[in-house]
Amino acid sequence: QQPVQSPQAVILREGEDAVINCSSSKALYSVHWYRQKHGEAPVFLMILLKGGEQKGHDKISASFNEKKQQSSLYLTASQLSYSGTYFCDINNSGNTPLVFGKGTRLSVIA
Amino acid sequence: NAGVTQTPKFRVLKTGQSMTLLCAQDMNHEYMYWYRQDPGMGLRLIHYSVGEGTTAKGEVPDGYNVSRLKKQNFLLGLESAAPSQTSVYFCASSQGVVSPLHFGNGTRLTVT
């Protein structure tokens, strides 16, 4: 079942922070986060597995909340290069393909 | 490193025509996938394969067929193209079902 991402779109000024949420109606086994720039393929950012808590990648980090069946992506001190569409991609059982959310469009302006 | 290579990059078809998209990966990955991406819909899984000689249906398989005769190649076929199949198609591969996906650069298909 497709995860729900929120917000659908967000506009930030350089240096501001943002949080993108990814919610599932079923228990989560794993969550991937990807970023896609316009006209390009999605690029893998990070993976969170059941039992894990938080991971970081430069100024981008993510958390995994099993009770809430939710993952959140945190972007701090945003840069122009952070602009793009962010997708979460979830797995509920560990043996079925991942399902993508509809994406969150992030625009960072100077 | 080539990674995942898709051909062609662009294609225009008339309704009813057929075509095959080719995906090749050089990372020895077991899993391969075909997605379609439409505005506001995210990436939707068409078909996937968990190894050479295997295929399985994804979320939106109707109107498409696939084959994985060799581990490194995954073909997506449209037997009778329809305007609703106008989309950007991405191939991806991964080592395991929860491993990160490596994407090709996409194929933009227009059916008139």
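Here, the structure is the one placed above.
A quick note: this is a predicted structure, and the numbers were derived from the prediction, not measured.

### Some remarks on the overall build of chain B
Inference 1: Helix and strand counts for chain B stand at 0 helices and 11 strands.
Inference 2: If you list the helices and strands of chain B from N to C, you get β-β-β-β-β-β-β-β-β-β-β.
Inference 3: Within chain B, buried positions represent 48% of all 112 residues.
Inference 4: Taking as baseline every contact in chain B between residues at least 6 positions apart, the subset at least 24 positions apart corresponds to 55%.
Inference 5: For chain B, the distance from the average position of its 10 positive side-chain charges to the average position of its 7 negative side-chain charges is 7 Å.

### Focus: the interface of chain B and chain A
Inference 1: Between chain B and chain A, the residue contacts involve 19 residues of the former and 23 residues of the latter.
Inference 2: Interface area, chain B with chain A, both sides summed: about 1,500 Å², of which 67% is carbon and sulfur.
Inference 3: Three residues, B:Leu43, B:Val97 and B:Val98, lead the burial of chain B against chain A; their summed loss comes to 34% of the area buried on that side.
Inference 4: Linking chain B with chain A are 0 salt bridges, by the criterion used here.
Inference 5: Here chain B and chain A share 3 residue pairs in polar contact (both at pLDDT 80 or more) between them.
Inference 6: Every element with two or more residues in the side of chain B that touches chain A is listed here: strand 4 (31-38) and strand 5 (42-49) of chain B.
Inference 7: Take the side of chain B that touches chain A: its biggest share by element is 4 residues, from strand 5 of chain B.
Inference 8: The residue inventory of the side of chain B that touches chain A, partitioned by class, reads 12 nonpolar, 6 polar and 1 charged.

### Examining the pairing of strand 5 (residues 43-49) of chain A
Inference 1: Here strand 4 (residues 30-36) of chain A runs beside strand 5 of chain A; their pairing, made up of 6 bridges, is antiparallel. Directly across from A:Tyr34, in strand 5 of chain A, lies its bridge partner A:Phe44.

Cut-off values and rules
All residue numbers refer to positions counted from 1 along the written sequence of the respective chain. All chains are assigned letters beginning with A, and all ligands numbers beginning with 1, in the order in which they are written. Two thresholds apply to this predicted model, a pLDDT of at least 70 for residue-level local features and 80 or more for giving and counting side-chain atom pairs, whereas whole-chain, interface and lining totals are computed over all residues. As a rule here, side-chain values cover all heavy atoms of the structure and leave hydrogens and water aside. Numbering of helices and strands runs from the N terminus, with a helix taken as a DSSP run of H or I at least four residues long and a strand as a DSSP run of E at least two residues long. In this scheme, a residue with accessible area under 20% of its type's maximum is buried, one over 50% is exposed, and one in between is partly exposed, where area comes from a 1.4 Å probe on protein chains only. Pairs of residues are marked as contacts when any of their non-hydrogen atoms sit within 4.5 Å. The charged-residue count follows a simple rule in which Lys and Arg add positive charge and Asp and Glu add negative charge, with His and chain termini not counted at all. Think of each charge as sitting on NZ of Lys, CZ of Arg, CG of Asp or CD of Glu. Buried surface area refers to the total accessible area, computed with a probe of radius 1.4 Å, that the two partners give up upon joining, counted for both partners together. Between Lys or Arg on one side and Asp or Glu on the other, a salt bridge is scored when a side-chain nitrogen of the former is within 4 Å of a carboxyl oxygen of the latter. Here a polar contact is taken to be a pair of N or O atoms separated by no more than 3.5 Å, where protein atoms must pair a possible hydrogen donor with a possible acceptor and residues adjacent in sequence count only if both atoms sit in side chains. By the convention adopted, Pro, Cys, Tyr, Trp, Phe, Met, Ile, Leu, Val and Ala count as nonpolar, Lys, Arg, Asp and Glu as charged, and the other residues, Gly among them, as polar. Two strands form a pair only when DSSP identifies at least two bridges running between them.

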